[in-house]
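Architecture and fold: a report
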Amino acid sequence: MKRDFLTLWDLSTKEIEYLIERALQLKSGKDVNKCPLLGKSIGLLFEKPSTRTRISFEVGIYQLGGQAIYLTSKDLQMGRGESIADTAKVLSRYLSAMIIRTYKHSTLEEFAIHFSHPVINGLSDSHHPCQALADLMTIYESKGRLKGVNLTYIGDGNNVANSLVEASAKTGINLSLACPEGFEPSHYILKRAKDFISERGEGKISLLRDPSEAATMADVLYTDVWVSMGQEENTEEKKSKLKGYQLNSDLLKYAKKDVIVLHCLPAHRGEEITDEVIDGENSLVLQQAENRLHTEKALLEFLLK
Ligand code: CP
Ligand code: NVA
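The following refers to the structure shown. (Residues numbered from 1 in each chain as written. Chains lettered and ligands numbered in written order. Predicted model: local features only at pLDDT ≥ 70, side-chain atom pairs only at ≥ 80, totals over all residues. Heavy atoms only, no water.)

1. Section: the pattern of salt bridges
Under the convention used in this document: Just to be clear on terms, a salt bridge is a Lys or Arg side-chain nitrogen sitting within 4 Å of an Asp or Glu carboxyl oxygen. Using a 1.4 Å probe on the protein chains alone, a residue whose accessible area is under 20% of its type maximum counts as buried, one over 50% counts as exposed, and one in between counts as partly exposed.
Per the counting criterion, the structure on display carries 22 salt bridges. A salt bridge links aspartate 275 to arginine 269, with the nearest nitrogen and oxygen atoms 2.8 Å apart. When its relative accessible area of 44% is taken as the criterion, aspartate 275 is described as partly exposed.

Here it is, written out as structure tokens:
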């Protein structure tokens, strides 16, 4: 049966651990001449702009011997009203997988129902699971483990935060989130993650208001933009509520000395993070961006085997 990757719930803990190990092998140059995607074409259907997701997938597909075809809904007949179901059924006859970046998460789910091959979420309004895989790999590379690592997320409880909630629950990371009232991660996602944690007995998720309390003893500090793509209404009001949630050198003092700083990028420097911190010695944001390539190659190889 085909496997999709729409959220972290589509993978077991063991599979996530396997993908990180495999991504590390691929990063080290192992199997560089293997072409598991030889003769396969993979579509990238993007409703929103992208630098990292698009290019890392296109390069990764090329390195695995396959062909990447970049599509936007405007260029397809979908832009003129052809249904998602018909589009998915037709594209199933040409392509071996689809990577889709959408506004509504339900677009991905509907596409996946009608597409005969793996569908990968390249970001939706509610989730960014490919980003979370690269984040886990970066944390593992730096800390040598995931279980018991203290990860603190500061700022808007958006798609990136939602996927970090799920990734932490799956791997036993202790996640503290500091978000202003009204900007917490999805209630449903938090509940499902907490239920999973209490069944598994590893990890912890705490939702706090005070960034310094959340940052205390952090091994990893993470933030993302205050205004995500497609959510540009009432921007100034939202930014004023998030003002105290900046990842800056004052906040870094609460964390452990060897704390690493992560940001999925693109960053709005001077808003959610300062230049000093994102360019500072604790920052691993470029390693994190590079790891998109390695984790996505591991994921494609796994889903298309
Ligand atoms: N982090 C991330 O997904 O970046 P892009 O929007 O550039 O793909
Ligand atoms: N939360 C951001 C992430 C960008 C990679 C957005 O959705 O715009």
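2. Here's the deal with the site of ligand 1
Threshold: Distances are taken per atom, and a residue is near a molecule or strand as soon as one of its heavy atoms is within 4 Å of it. Under this definition, polar contacts are N or O atom pairs within 3.5 Å; protein pairs additionally need one hydrogen-donor-capable and one acceptor-capable atom, and for neighbouring residues in sequence, both atoms have to be side-chain atoms. Throughout, the ten residues Ala, Val, Leu, Ile, Met, Phe, Trp, Tyr, Cys and Pro are labelled nonpolar, Asp, Glu, Lys and Arg are labelled charged, and all others, Gly among them, are labelled polar.
Neighbouring ligand 1 are Ser50, Thr51, Arg52, Thr53, Arg101, His128, Gln131, Cys264, Leu265 and Arg292. Measuring from an oxygen atom of ligand 1, one finds a side-chain N or O atom of threonine 53 at 2.7 Å. When its residues are assigned to classes, the shell around ligand 1 shows two nonpolar, five polar and three charged.

3. Here's the deal with the site of ligand 2
As a reminder of what qualifies: For every accessible area listed, the method is Shrake-Rupley and the probe measures 1.4 Å; residues are considered covered only by the protein chains on display.
With respect to spatial proximity, the complete set of residues near ligand 2 consists of Leu123, Asn158, Asn159, Asp224, Val225, Ser228, Met229 and Leu265. Within the side chain of aspartate 224, an N or O atom sits 2.7 Å from a nitrogen atom of ligand 2. Calculation on ligand 2 without its partners gives an accessible area of 270 Å², and the protein chains cover 94% of this total.

4. Side note on the nonpolar core
Rules: Put simply, a nonpolar core is a bunch of buried Ala, Val, Leu, Ile, Met, Phe, Trp, Tyr and Cys residues held in one set by side-chain atoms that sit within 4.5 Å of each other. Contacts between residues were defined by any pair of non-hydrogen atoms, one from each residue, lying within 4.5 Å.
Core analysis: the biggest nonpolar cluster contains 56 residues, and Ile120, Leu177 and Leu300 have the highest contact counts within it. Contacts of leucine 177, omitting those with residues within four sequence positions, involve Tyr153, Ala161, Val165, Pro185, Leu190, Ile205, Ser206, Leu207 and Leu208. Core analysis: the next-biggest nonpolar cluster, separate from the first, contains 22 residues, Ala215, Leu221, Leu242 and Tyr245 among them.

5. Notes on the sheet that holds strand β5 (residues 150-154)
In plain terms, the rule: A strand pair is defined by DSSP finding two or more bridges across the two strands. The way it works is that DSSP assigns letters per residue, a run of H or I at least four long becomes a helix, a run of E at least two long becomes a strand, and they are numbered from the N terminus. All axes are obtained by fitting lines to C-alpha atoms, using only the stretch in contact for helices, and the reported angles, taken between N-to-C directions, cover 0 to 180 degrees.
Spatial ordering of the open sheet is given by β7-β6-β5-β8-β9, a layout of five strands whose pairing is parallel. What marks the edges here is a single partner per strand, and that holds for β7 (204-208) and β9 (260-263). Adjacent strand axes in the sheet meet at a mean angle of 20°, parallel and antiparallel pairs treated alike. Where β5 meets strand β8 (residues 220-223), four bridges bridge the pair, whose relative direction is parallel. Residue pairing in the sheet places tyrosine 153 in a bridge with tyrosine 222 of β8. Contacts between helix α5 (residues 129-143) and the sheet are confined to β5, β8 and β9, with β9 contributing the most and set at about 170° to the helix.

6. Some points on the sheet that holds strand β1 (residues 41-46)
On the basis of which strands lie adjacent, the open sheet formed by four strands has the order β2-β1-β3-β4 and parallel pairing. Of all strands in the sheet, those bounded by a partner on one side alone are β2 (67-72) and β4 (119-121). Taken over all neighbouring pairs, the strand axes of this sheet differ in orientation by 20° on average, direction set aside. Here β1 pairs with strand β3 (residues 97-101) via five bridges, running parallel. If you follow leucine 44 over to β3, its bridge partner there is isoleucine 99. Helix-sheet contacts for helix α4 (residues 105-114) involve β1, β3 and β4, and the interaxial angle to β4 is about 170°.

7. Brief notes about the pairing of β7
To keep it simple, the criterion reads: Here is how to tell: hold the view so the strands point away, follow the path from the first strand over the helix to the second, and if it runs clockwise the crossover is right-handed.
For strand β6 (residues 174-178) and β7, the ladder comprises five bridges, and the chain directions are parallel. Counterpart to serine 176 in the pairing with β7 is serine 206. You can see the chain leave β6, run along helix α7 (residues 187-200) and come back into β7, and the turn it takes is right-handed.

8. Examining helix α9 (residues 235-242)
Condition: This arc describes the spread of directions from the helix axis toward the C-beta atoms.
Taken together, the buried positions of α9 are Thr235, Lys238, Lys239 and Leu242. Buried residues of α9, viewed axially, fall in a sector of 100°; they line one side.

9. Here's the deal with the pairing of β5
In terms of burial, β5 is largely enclosed, as four of its five residues are buried. Across five bridges, β5 lies against β6 in parallel orientation. Bridged to tyrosine 153 within β6 is leucine 177. Regarding the hand of the β-α-β motif, the stretch spanning β5, helix α6 (residues 159-171) and β6 is right-handed.

10. A word on the packing of helix α1 (residues 13-27) against helix α12 (residues 285-303)
Keep this limit in mind: When describing relative orientation, an angle under 35 degrees is termed roughly parallel and one over 145 degrees roughly antiparallel, while 65 to 115 degrees is termed roughly perpendicular and anything else oblique. Crossing chirality is assigned from the near helix's rotation relative to the far helix, an anticlockwise turn below a right angle marking it left-handed and a clockwise turn marking it right-handed.
Direction vectors running N to C along α1 and α12 enclose 115°, while the axes themselves pass 8 Å from each other. Here α12 runs roughly perpendicular to α1, going by the angle between their axes. The handedness of the crossing between α1 and α12 comes out as right-handed. For the pair formed by α1 and α12, the contact residues are Glu15, Tyr18, Leu19, Arg22, Ala23, Leu26 and Lys27 on the first element and Gln287, Glu290, Asn291, His294, Thr295, Lys297, Ala298, Leu299, Glu301 and Phe302 on the second. Tallied by class, the residues present in the contact of α1 with α12 amount to seven nonpolar, four polar and six charged.

This is a description of form; function is not addressed.
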